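Listed here are the chains, written in short residue letters.
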Amino acid sequence: MKNILYTAICACSILCGAQAQTPGSEVPNLKKLYELTDSCDVNVRARFSPLIGISASISSGASRVGATYIQSIVKAGGTPIIIPAVTDGKVLRNIVSNLDGLVLIGGADVNPLWYEEEPREKLEEVDPVRDLYELKLIKMATDQNIPVLGICRGLQLLNVAFGGTLYQDIPSQRGDHSVKHRQDLPSSYGSHRVFVDANSQLASILGKDTLAVNSLHHQAIKELAPIFKATAYAPDSIIEAIDAYPNRSIMGVQWHPEALTYGGDTTMLRIFRHLIGKAETFHQAKEMHKHFLSVDTHTDTPFWFKRAGFSIADRERNRVNIPKMQEGKLDGVFLAAFIGQGKRDEVSLQEAVQKVTGLIEGIRKQAELNKDLCGIAVTNQDFIRLKNEGKKAFFIGIENGYGIGKDLANIAKFKAIGVNYITLCHSYDNDICDSSTHTKKEWDGLSPFGEEVVKEMNRQGIMVDMSHASEKSFWDVIKLSKAPIICSHSSSMAMCKHDRNLTDEQLKALAQNGGVAQVCLLDRYINEDYKNASLTDAIEHIDHMVKVAGIDHVGIGSDFDGGGGIIGCESDNDFIQITVKLIEKGYTEEDIAKIWGGNLMRVLDEVQATASVKTL
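As the structure is a prediction and not an experimental result, all values here were calculated from the model.

Caption draft 1: Layout of the layout of surface pockets. Taken as a whole, the largest pocket holds about 670 Å³ of empty space. A per-element tally of the lining of the largest pocket places helix α5 (residues 128-143) first, with five residues. Along the lines of polarity and charge, the residues of the lining of the largest pocket split into eleven nonpolar, eight polar and eleven charged. Shared between two domains, the lining of the largest pocket holds at least three residues of each, these being domain 1 (47-281) and domain 2 (290-611). In this model, the second largest pocket occupies a volume close to 440 Å³. K290, Q326, K329, D331 and K392 are the residues nearest the centre of the second largest pocket, which is lined by 18 residues in total. Residue assignment for the lining of the second largest pocket shows that the elements contributing at least two residues are α10 (266-291) and α11 (322-328). Here the lining of the second largest pocket gets five residues from one element, more than from any other, and that element is α10. Counted by class, the lining of the second largest pocket contains three nonpolar, six polar and nine charged residues.

Caption draft 2: Broad picture of the environment of T297. On the secondary structure map, T297 appears in strand β14 (residues 295-299). The exposure class of T297 is buried, given its relative accessible area of 2%. Along the chain, T297 and V333 lie 36 residues apart, while their C-alpha atoms are 6.0 Å from each other. Excluding residues that lie within four positions of it along the chain, T297 makes contacts with F334, Y421, S488, Q518, I556, G557 and L600.

Caption draft 3: Examining the environment of V347 more closely. Among the secondary structure elements, V347 is positioned in helix α12 (residues 346-369). The class of V347 is exposed, set by a relative accessible area of 55%. For the pair formed by V347 and G405, sequence separation is 58 residues and the distance between their alpha carbons is 9.7 Å.

Caption draft 4: Region of interest: the domain arrangement of the protein. Segmentation of the protein into domains returns domain 1 (47-281) and domain 2 (290-611). The centre of domain 1, based on its C-alpha atoms, is set 41 Å off from the matching centre of domain 2. Counting the surface lost from both domain 1 and domain 2, the interface buries some 1,000 Å², and carbon and sulfur atoms represent 38% of this. Of all residues in domain 1, the largest losses of buried area upon contact with domain 2 belong to N145, N247 and T281, amounting jointly to 51% of the total for that side. Connecting domain 1 to domain 2 are three salt bridges. The interface formed by domain 1 and domain 2 contains nine residue pairs in polar contact (both at pLDDT 80 or more). A class-by-class count of the residues in the side of domain 1 that touches domain 2 yields one nonpolar, five polar and five charged.

Caption draft 5: Spatial organisation of the sheet that holds strand β11 (residues 229-233). Pairing in this open sheet of nine strands is mixed, and the strands run β4-β1-β5-β6-β13-β12-β11-β8-β9 from one edge to the other. Since the sheet does not close on itself, it has two edges, and those belong to β4 (79-82) and β9 (210-213), each with one partner. Each strand of the sheet is rotated relative to its neighbour by a mean of 25°, with strand direction disregarded. Examined bridge by bridge, strand β8 (residues 192-196) and β11 share two bridges and lie antiparallel to one another. Bridge assignment links F195 to a residue of β11, and that residue is Y233. Contacts from α5 reach β1 (51-54), β5 (101-104), β6 (148-151) and β13 (250-253) within the one sheet, and its direction differs from that of β5 by about 155°. Strands in contact with α10 are β1, β5, β6, β9 and β13; relative to β6, the strand with the most contacts, it is inclined by about 150°.

Thresholds, definitions, all that
Residues numbered from 1 in each chain as written. Predicted model: local features only at pLDDT ≥ 70, side-chain atom pairs only at ≥ 80, totals over all residues. Heavy atoms only, no water. 1 Å grid on protein atoms, 1.4 Å probe; cavity = no way out; pocket = protein on both sides within 12 Å on 5 of 7 lines; lining within 4 Å. Points joined across faces, edges and corners; volume = space filled by probe spheres on them. Helix = DSSP H or I, 4+ residues; strand = E, 2+ residues; numbered from the N terminus. Nonpolar A, V, L, I, M, F, W, Y, C, P; charged D, E, K, R; others polar. Domains from an automatic or database assignment. Buried < 20%, exposed > 50% of the residue type's maximum accessible area, 1.4 Å probe, protein only. Contact = heavy atoms within 4.5 Å. Buried area = accessible area lost by both parts, 1.4 Å probe. Salt bridge = Lys/Arg side-chain N within 4 Å of Asp/Glu carboxyl O. Polar contact = N/O pair within 3.5 Å; in protein donor to acceptor, adjacent residues only side chain to side chain. Pairing = 2+ DSSP bridges. Axes fitted to C-alpha atoms, helices over the stretch in contact; angles between N-to-C directions.

Here it is as structure tokens:
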């Protein structure tokens, strides 16, 4: 008991900046211990310290983490927490949901069955329980976009988790013994060089492209997982570091920076400080989302509702569902009842109305089946109420005015069942207006019937959505509408030349109109090299549109489940990354709140306030 108390006093003294006494020179004193504890803990001006989870090894039934990992995180400014080595998913999810960062530590070999290889003769000890535990941690943490650092085995397991493979034993599989990857020196000493890609994030973190590292492994990356790029190599070409930069905050190193940091290496400490910096920003983003309303203004998810057994309360393989909304900190979503353009005879038009009505019924059914988790929102007040109740908000839109037929009375009918916007057309001309795509310029913009549609939507308090419409149709509606309009999923023409995007002149006019343009996360609208369209590109679109139209006139409409999804932002769970990137760009919480929902909700309020038919 005396030793425990003495250790506690010394530890607190060190943390508070006091000089620890030599063991045996001071009699343990409970009063002094409590005074030192208070001086450590009660500091209202203390800098925030993000919570960093550390995976554990399993030894003699205990979850174990070396002190070097813990001290490196503390030294870098983080608060370490050891994650017990359990495989219970609910327990792990509760822990992970509170983390700001994760470190995966070194240890035993990875079972090759995880990457569909049979064990080789030189494979050493594997721990099936630990593999399962840490793979679950990786899945949960990366689903939530929590910053991750993998060390040695941690790097190897990250590679396996994302589809890569390993050398089970470097000496027997490579036959190149020019580098000794298991050093005899203490782990606080470097034993071989690594060469860092000078253009990589790792090089900017370390401030150098060549360094000496310790080496305590016999496994290594063989085939690199698609999500990663190699950022450092040993002289024998073994991969020594990986990075998912710039679109995800996942990094791995093959050496043990914690041992070098513990030995006084300030260069290696920068790796931990980088993780802490990313964790601080991630925490800041999570806190922001508690304070404002966030909404995705366009998804095509209702198509999924027709599938047998589908539930929006389950973490399905589609891009929009409640678990992914929770992971990405998204409060609400517009679910579009989409219908493609068909024939325009009376029978076909009536079938279109019925199809759209059926899709809306599907939305309302999903909301009713999961009313403990979500609800239909028609007004801004509904949205606020649902968030306060801890529920997700489902707004309803119609994509393609073809779905109203040629009967203006259908607009009021759709309003009565919760429709908040109608996208006037889709990829072909219809009875309302010309499309931006496959257009024959049938009306040279808005048709006479389209003019009546816009007037009736204004009267009913339904937002007019000009995404997919031709530029001439846009200008006709801007001139005619007595209420602000939106472009629920359209990006910037200046950033990516595509007929679906908006010119700077359109963005400026939309701002004068008081409306909002929502950046669309569909690859072809984000980057002309669409296969490489990424979150970085989308942020550039947002940035440009804000500069042109102003901070009050930009939002986000993903087009998820309808073609949307780019590298780094593939589903609702990735939305927190947009907030992180905007923070890194220097946007304030007020700015981000506007982009994430404030602007759209302002327009919704104005459209509903100016309606001459009061049905709300």
